[in-house]
Amino acid sequence: MRKSVVAIVGRPNVGKSTIFNRLVGERISIVEDIPGVTRDRIYASADWLNQEFNLIDTGGIEIGDEPLLVQMRQQAEVAIDEADVIIFILNGKEGITGADEEVAKLLFKSNKPIVLAINKMDNPEMREMIYEYYSLGFGEPFPISGSHGLGLGDLLDEVVNHFPEISEEEVNEDTIYFSLIGRPNVGKSSLVNALLNEERVIVSEIEGTTRDAIDTHLHKDDQDFIIIDTAGMRKRGKVYETTEKYSVLRALKAIERSDVVLVLIDAETGIREQDKKIAGYAHDAGRAIVIVVNKWDTIESDEKAIKEFEAKIRAHFLYLDYAPIVFLSAKTKKRMHTLIPAIKLASDSHAKRISTNVLNDVIMDALAMNPTPTVKGKRLKVLYATQVAVKPPSFVVFVNDPELMHFSYERFLENKIRDAFGFVGTPIKLFARRRQ
Ligand code: GDP
Ligand code: GDP
């Protein structure tokens, strides 16, 4: 199901990123663990009262050296385009400025639900000062303090109240949803076109759940697919659409609705830092992944070239050791036939269920082969394991003391599960729980 999207808008220094970080909390992601990757997130999931939603910090989208007003207008546009509810933040220490009024006008015209937050109200006495903000016409202003974490509960109650009824997207369990992500110019649009033209299939464009998403239906090898197209969407001609952060945001939205994510790499230019970052998002989201090396026509191709490129990918994407790699050319259609089988394989793995009996046979064999570690004289005891979820396959291992389960042993068990059941193309999750 699609999650509601909330965007934070406001002048520089009103406290947008402080509030974003508070609402998102400490969710450490693999993306941010990669050295050299910027830490400033602009899109992340958060929850309130058991409702999960996605949050955008529009302040993080650097639009260039534009004057303040132009930048703010563009941020407001991003919010209006992308969000279901907008939190408009003002600095309570400064009152309403001219720039605030300009943004207010734009937001007002959008007819989106706007929740007004007055930040930096660090002391309760300051709450008396919020009345002037009624004049903006957005109803009740919510006094908050981002740095002290005050008033955020009331603010979120109001935000959640405005969430649209999101109709259960008609997700057909038998259909594989996939998206293509990658740097600009790796060939995402070309690959979508190649897939669609290759078979003279009936292609239909289905209006997506969000007004700007284009979902394309593809029937191939007796299987229904939906391609969630992000590349084809950049055609609206807005300035911010070319910024890297914005394309990341679009990719994240597509990843969320996908079963399988195709991570595209350009054979001609090789692997770049940005490729790793993009792949990290798909891994973090727990989606099945197929690595697609496109533009293979530009390489003098033989088995050796494939082996070499594969080794490079494996060295750069250590955490994606489970992802199959296909080499193809969207342009010449060379090796195109290898793609669909890889997508199907990854999708099957992603949804696979293992019975508890069979799983425990594997775990017991693993224990016999490599006895559990001892920490300070205490030995880890593994009692049994069970699969608790699919997409991605998730396992709970019941143990005497989860503290004794070290990363290396967890990795060992994970590998044994993979050896036994395949799980090609999907991350799997392992959780240790206490059971006496
Ligand atoms: P942004 O530019 O809108 O993202 O603003 P930041 O989140 O970077 O915050 C700008 C400055 O305001 C930083 O120095 C923050 O520490 C400070 N700040 C944020 N929230 C509060 C608050 O609730 N009270 C006070 N006194 N300062 C805050
Ligand atoms: P996108 O930005 O990721 O959607 O990339 P495009 O599909 O627009 O492709 C960018 C450029 O790469 C275009 O000039 C394409 O013609 C070219 N291109 C795409 N696929 C291939 C390929 O397989 N081989 C070669 N040589 N060029 C390709």
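Since we're looking at a predicted model, the values are computed, not measured.

1. Considerations on the sheet that holds strand 18 (residues 429–434)
An order of 16-17-18 is seen for the three strands of this open sheet, with the pairing classed as mixed. Either end of the sheet is taken by a strand with one partner, and the two such strands are strand 16 (382–389) and strand 18. Within the sheet, the average angular offset between the axes of one strand and its neighbour, ignoring direction, is 25°. Of the strand pairs in this sheet, strand 16 and strand 17 (residues 394–399) are connected by six bridges, and their pairing is antiparallel. Following the sheet pairing, A389 is matched in strand 17 by S394.

2. What about the sheet that holds strand 4 (residues 85–91)?
The strand order across the open sheet formed by six strands is 2-3-1-4-5-6, and the pairing between neighbours is mixed. Each edge of the open sheet carries a strand with a single partner, namely strand 2 (43–48) and strand 6 (141–143). Each strand of the sheet is rotated relative to its neighbour by a mean of 30°, with strand direction disregarded. Bridge count between strand 2 and strand 3 (residues 51–57): six bridges; the pairing is antiparallel. Its bridge partner lying in strand 3, S45 is registered against N54. On the sheet, helix 1 (residues 16–24) packs against strand 1 (4–9), strand 2, strand 3, strand 4 and strand 5 (114–119) and is oriented at approximately 155° with respect to strand 3. Along the sheet, helix 7 (residues 244–256) makes contact with strand 1, strand 2 and strand 3, crossing strand 2 at roughly 55°.

3. Re the domain arrangement of the protein chain
Each domain of the protein chain was delimited in the assignment, giving domain 1 (4–161), domain 2 (176–350) and domain 3 (356–434). On a C-alpha basis, the centres of domain 1 and domain 3 stand 42 Å from each other.

4. Observations regarding the site of ligand 2
In the neighbourhood of ligand 2, 17 residues make up the surrounding shell, with N185, K188, S189, S190 and D297 lying closest. Between N294 and ligand 2, the recorded distance is 3.1 Å, taken from a side-chain N or O atom to an oxygen atom. Within the contact set of ligand 2, an oxygen atom lies 2.9 Å away from a backbone nitrogen or oxygen of A330. The greatest single-element share of the shell around ligand 2, amounting to three residues, is contributed by helix 6 (residues 188–198).

5. Let's talk about the packing of helix 11 (residues 356–369) against helix 12 (residues 407–421)
Between two packed helices, what matters for the description is the angle formed by their axes and the separation of those axes. Relative to each other, helix 11 and helix 12 sit at 130°, their axes nearing to 10 Å. On the basis of their axis angle, the class for helix 11 and helix 12 is oblique. With respect to the hand of their crossing, helix 11 and helix 12 are arranged in right-handed fashion. Facing V358, L359, V362, I363, A366, L367 and M369 of helix 11, the residues of helix 12 in contact are Y409, F412, L413, K416, I417, A420 and F421.

6. What to know about the site of ligand 1
The environment of ligand 1 is made up of 15 residues, and the closest members are N13, K16, S17, T18 and D122. At 3.0 Å from an oxygen atom of ligand 1 is found a main-chain nitrogen or oxygen belonging to G15. One of the side-chain nitrogen or oxygen atoms of D122 is found 2.7 Å away from a nitrogen atom of ligand 1. About the coverage of ligand 1: the protein hides 70% of its 580 Å² of free accessible area. It is helix 1 that provides the largest number of residues to the shell around ligand 1, a total of three residues. Taken together, the residues of the shell around ligand 1 break down into two nonpolar, eight polar and five charged.

What counts as what
- Residues numbered from 1 in each chain as written.
- Chains lettered and ligands numbered in written order.
- Predicted model: local features only at pLDDT ≥ 70, side-chain atom pairs only at ≥ 80, totals over all residues.
- Heavy atoms only, no water.
- Pairing = 2+ DSSP bridges.
- Helix = DSSP H or I, 4+ residues; strand = E, 2+ residues; numbered from the N terminus.
- Axes fitted to C-alpha atoms, helices over the stretch in contact; angles between N-to-C directions.
- Contact = heavy atoms within 4.5 Å.
- Domains from an automatic or database assignment.
- Near = heavy atom within 4 Å.
- Polar contact = N/O pair within 3.5 Å; in protein donor to acceptor, adjacent residues only side chain to side chain.
- Parallel < 35°, antiparallel > 145°, perpendicular 65-115°, else oblique.
- Left-handed = near helix turned anticlockwise from the far one by under 90°.
- Areas by Shrake-Rupley, 256 points an atom, 1.4 Å probe, with all protein chains shown as cover.
- Nonpolar A, V, L, I, M, F, W, Y, C, P; charged D, E, K, R; others polar.

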